[in-house]
Amino acid sequence: MKRTGPEVVQLVTSAQMRAIENAAMAAGRATGLQLMERAGEAVAAAVPDWPAPRLAVVLCGPGNNGGDGFVVARLLAGRGWQVQVFALGWEAVFPELGPPGLVRARQGTDAVTNARRWRDEGGSCRPLTALAEVEAGRILVVDALLGIGQTRPCDELLEPYWRARARWDRAGAEVRTLSVDVPTGFDCDSGAALARRPFEADLVVSFHAEKPVHARLRAAGVAVTVADIGLSS
Ligand SMILES: NC(=O)C1=CN([C@@H]2O[C@H](COP(=O)(O)OP(=O)(O)OC[C@H]3O[C@@H](n4cnc5c(N)ncnc54)[C@H](OP(=O)(O)O)[C@@H]3O)[C@@H](O)[C@H]2O)[C@H](O)CC1
Ligand SMILES: [K+]
């Protein structure tokens, strides 16, 4: 069920969201991996079928938001998109990213399962700084850097994207942006910015229920859609 209208919606906090997810998993209604796959499917379903050539630039962070990003990358590639993944903290799964940096994805998560699946199905990753190499053109940027787990300033994560975006815009590229769950650079419970320049999404695809940040984004004219990923009891 997608809610895109202004009707009164019940907002949930990140803590409530985690409790709902944990209750669903404890009740055996879904596994974390199934929830992540459904989240990725909901995001991919919101991506328009552009005419070729169409490039999806997927930005994957070190947490489960990044895990959703690896699912989206796999699904869009399966639909014939050119997909380029740029990741932070994934050196343990993608040696081509170079030696591990300060930020490292936690091992044993659903995100690691999907990162490995992307790799095992022939996918690769480049560091965020390699965004400078992406040719201007028709580009969909999928922001799966940080989701409801972000709590601290993240300008350094977004800087490579904003640098590349300025170059694409100067070259007249047609860029559309989609954020997974929450745009990177926002605290989902307070709606406060966690970056001087938070990610600017044309569309935000969230899951199960809106968080307080979504009401603020909607008020600012950002399109927000909420997908049902089977968490309702
Ligand atoms: N069942 C599931 O797992 C589902 C998850 N969904 C998706 O998961 C995210 C929430 O995932 P979570 O891992 O809790 O949080 P995030 O991915 O948002 O990121 C948190 C990690 O990022 C690190 N972090 C935070 N800020 C920074 C920063 N400025 N620089 C570098 N790294 C940062 C943070 O590190 P810590 O040091 O704070 O631990 C975390 O490692 C949710 O939004 C959904 O997209 C599915 O949608 C549903 C099922
Ligand atoms: K995000």
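Residues numbered from 1 in each chain as written. Chains lettered and ligands numbered in written order. Predicted model: local features only at pLDDT ≥ 70, side-chain atom pairs only at ≥ 80, totals over all residues. Heavy atoms only, no water.

As for the coordination of the potassium ion (ligand 2)
In step 1: The protein atoms donating to the potassium ion (ligand 2) are Asn65 (OD1), Asp143 (O), Leu146 (O), Val180 (O) and Val182 (O), with metal-donor distances spanning 2.6 to 3.0 Å.
In step 2: Each donor residue of the potassium ion (ligand 2) belongs to the same chain, with the gaps between them written as N-x77-D-x2-L-x33-V-x1-V. Of the two residues, Asp143 and Leu146, neither departs from the other in class, the shared state being buried. (Donors = N, O, S within 2.8 Å, 3.2 Å for Na, K, Ca; no water. Buried < 20%, exposed > 50% of the residue type's maximum accessible area, 1.4 Å probe, protein only.)

A look at the site of ligand 1
In step 1: Around ligand 1, 26 residues are found, and the nearest of them are Asn65, Asp68, Gly147, Arg152 and Asp181.
In step 2: At 2.9 Å, a backbone N or O of Asn64 approaches an oxygen atom of ligand 1.
In step 3: Within the contact set of ligand 1, an oxygen atom lies 2.7 Å away from a side-chain nitrogen or oxygen of Asp181.
In step 4: Compared with its free state, where it exposes 930 Å², ligand 1 has 86% of that area covered by protein.
In step 5: Elements with a contribution of two residues or more to the shell around ligand 1: α1 (14–26), α2 (32–45), α3 (64–78) and α5 (155–170).
In step 6: Its residues assigned to classes, the shell around ligand 1 comprises eleven nonpolar, seven polar and eight charged. (Near = heavy atom within 4 Å. Polar contact = N/O pair within 3.5 Å; in protein donor to acceptor, adjacent residues only side chain to side chain. Areas by Shrake-Rupley, 256 points an atom, 1.4 Å probe, with all protein chains shown as cover. Helix = DSSP H or I, 4+ residues; strand = E, 2+ residues; numbered from the N terminus. Nonpolar A, V, L, I, M, F, W, Y, C, P; charged D, E, K, R; others polar.)

A short note on the UniProt feature "binding site: K(+)" (unreviewed entry) in the protein chain
In step 1: As recorded in UniProt, the feature "binding site: K(+)" (unreviewed entry) lies at Asn65, Asp143 and Thr184. For the annotated residues, spread through 120 residues, the largest C-alpha to C-alpha distance comes to 9.9 Å, consistent with a single compact locus.
In step 2: With a relative accessible area of 0%, Asp143 lands in the buried category.
In step 3: Those residues within four positions of Asp143 in sequence are excluded, and the remaining contacts are Leu59, Asn65, Leu178, Ser179, Val180, Val182, Pro183, Thr184 and Phe199.
In step 4: From its side chain, Asp143 meets the backbone nitrogen of Leu145 in a polar contact 3.2 Å long.
In step 5: Note on placement: Thr184 falls in the loop between β5 (174–180) and β6 (203–207).
In step 6: The exposure class of Thr184 is buried, given its relative accessible area of 0%.
In step 7: Sequence-distant contacts of Thr184, defined by excluding residues within four places in its chain, comprise Asp143, Leu145, Leu146, Gln150, Cys154, Leu158, Ser179, Pro198 and Phe199.
In step 8: Side chain to side chain, Thr184 and Asp143 meet in a polar contact 2.6 Å long. (UniProt positions renumbered as here; feature names shortened; annotations may be inferred. Contact = heavy atoms within 4.5 Å.)

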